[in-house]
Structure formats: C-alpha cells, structure tokens
Amino acid sequence: MTEPDEPPPDSKLTRSKQRWAQEGRFLTGKTSRPEEQRLPPGQHLTRDWPTLDLGLTPDVSRERWRLDVYGAVENPIFWDFKQFTAQLQTKFTSDIHCVTTWSRYDNSWVGLSTRDLLDACRPREEARFVVLHSHDGYTTNLELQDFAAEDAVLAHSWSGAPLEQEHGGPVRLVVPHLYFWKSAKWLQSIEFLAEDAPGYWEVRGYHNRGDPWKEERYSGD
Ligand SMILES: Nc1nc2c(c(=O)[nH]1)N[C@H]1C(S)=C(S)[C@@H](COP(=O)(O)O)O[C@H]1N2
Ligand SMILES: [Mo]
C-alpha cells in the first residue's frame, strides 16, 4: 500500500538531473545541453566569425612554428609542426562564446586534444595551473582541470581547412566551456605551474575563470 505523503519516486529524469548536477553538466558547455539552453545568458548568436585580438597578427609559418611545453612536467616537449601533427589527431565540434556577447555554434576543429598532450608531457604532482603564451605577447591562465576538459584541443584546422592566421594559425587553443579569451591564438608555449598566474585580460579586470553559464565576465562577477 502506498503511504499518502510519500514523495514521488525518483524518475529517470530526476535521476539524470541529479547526475548532471553532480557532473556540473550545465556548467560545462557540452553540446548535449538541451537546445533551448544552448545559448548562455546574455549572449546572442552570430553566423560570421569576428576577429578579436590585441591588434597584432603574428606571422608564424608552419615551418617556423614550435610548441614548447615546460614547467612542472615530467616530460618537457619541444615539437615542430610535423612532430605536433604526428601525434594522435582528434576532431571536435563545439560552440564559441565570447565575453563581448557573441556566440557561434558548431565550429569543427582538428588537432591534438589537451588530454593527449597531458599524456605526453605528464604534469608533475604539484602542477595545478597552466599559462598559455602566444606570439603576440598575449597570455591567459587556466586551472589544469579546465585545460584538461574532454573537448579542449590545440587546433590547427577549422571547418576542414588550415586555421587562418587571423584566427590564430598555425595553432590555437580551444577551450569550449569557457569564454573565448581563454582560447589563446598563435600558441607558442604552455607553462605548467603550482601557483596561479593571471594572464593578460585576467589582470585587466576579466574574471579569473570565465564560465559563460555563470556569466563570469569580469572579476567582480
Ligand atoms: N594570442 C592571442 N590569443 C587570443 C587573443 C589575443 O589577443 N591574442 N584574444 C582572445 C579573445 S579576447 C578572443 S574573444 C578570442 C578571439 O578569437 P577569434 O579572433 O578567432 O574570434 O581570442 C582570444 N585569444
Ligand atoms: Mo574576447
């Protein structure tokens, strides 16, 4: 017999909602998000792809490009473009959310996943933060956990063609679950650190983490 005040039984939906909450599903920008929640708060959709940077467009050919991975890692890396693309290549499709309020859906990237990079460089026990250094002098910082997101990629191609110079070619980082300023263009080196070291925008008033689903735009948010 059913008790009168028994709470409704766990449905499949409430169970999966609970699981999502534990996983932080609605904070990670995954494309499995229901369609009506695909656009983060305060964002609008754009079809073109705006260019945003410090006004410099470094001209680094694939021949001259190197990836330098150093700091708190067991195995420092110094790859040229050929060695970089000889690593396992993965294709990802993800949405872009820029802090200036434009979002762009379904960008297809090819490159080395950050997880595969981590397997190769093996961060040391104390490593908790990553700083990306770019050829235009730009820097941005990430928690190692955010850098290691399953859809984060060091991308050399977009929409099936080499990543254009104005969008950060030869190689840029893409971290889809954070605002796009965390996705360093013209990637030069990746530094692993025990302590956080805020980057270019992070010391100029941007939020240290930049989760679009929490509207972490500026450091007071
Ligand atoms: N090296 C470098 N990376 C950068 C920037 C920059 O100025 N220099 N700007 C960031 C910002 S604020 C944004 S919104 C995106 C813009 O990338 P896009 O020009 O490909 O749209 O790059 C990010 N990565
Ligand atoms: Mo930006």
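A brief structural summary. Values in this document were obtained by computation on a predicted structure and should not be read as measured data.

So, about the side chain of Ser 94. Positionally, Ser 94 belongs in strand 4 (residues 90-97). Under the relative-accessibility criterion, Ser 94 is labelled buried at 3%. At a separation of 3.1 Å, a polar atom in the side chain of Ser 94 contacts the side chain of Trp 109. Beyond its immediate stretch of four places on either side in the chain, Ser 94 contacts Arg 104, Tyr 105, Asp 106, Asn 107, Trp 109, Val 174 and Pro 176.

Lining the immediate environment of ligand 1, one finds 20 residues, of which Pro 50, Asp 136, His 167, Arg 172 and Lys 185 sit closest. Asp 136 is positioned with one of its side-chain polar atoms (N or O) 2.7 Å from a nitrogen atom of ligand 1. In this structure, an oxygen atom belonging to ligand 1 sits 2.5 Å away from a side-chain N or O atom of Lys 185. Considered on its own, ligand 1 offers 530 Å² of accessible surface; in the complex 98% of this is hidden by protein. Here the residues of the shell around ligand 1 sort into 12 nonpolar, 4 polar and 4 charged.

Calculation criteria
- Residues numbered from 1 in each chain as written.
- Chains lettered and ligands numbered in written order.
- Predicted model: local features only at pLDDT ≥ 70, side-chain atom pairs only at ≥ 80, totals over all residues.
- Heavy atoms only, no water.
- Helix = DSSP H or I, 4+ residues; strand = E, 2+ residues; numbered from the N terminus.
- Buried < 20%, exposed > 50% of the residue type's maximum accessible area, 1.4 Å probe, protein only.
- Polar contact = N/O pair within 3.5 Å; in protein donor to acceptor, adjacent residues only side chain to side chain.
- Contact = heavy atoms within 4.5 Å.
- Near = heavy atom within 4 Å.
- Areas by Shrake-Rupley, 256 points an atom, 1.4 Å probe, with all protein chains shown as cover.
- Nonpolar A, V, L, I, M, F, W, Y, C, P; charged D, E, K, R; others polar.

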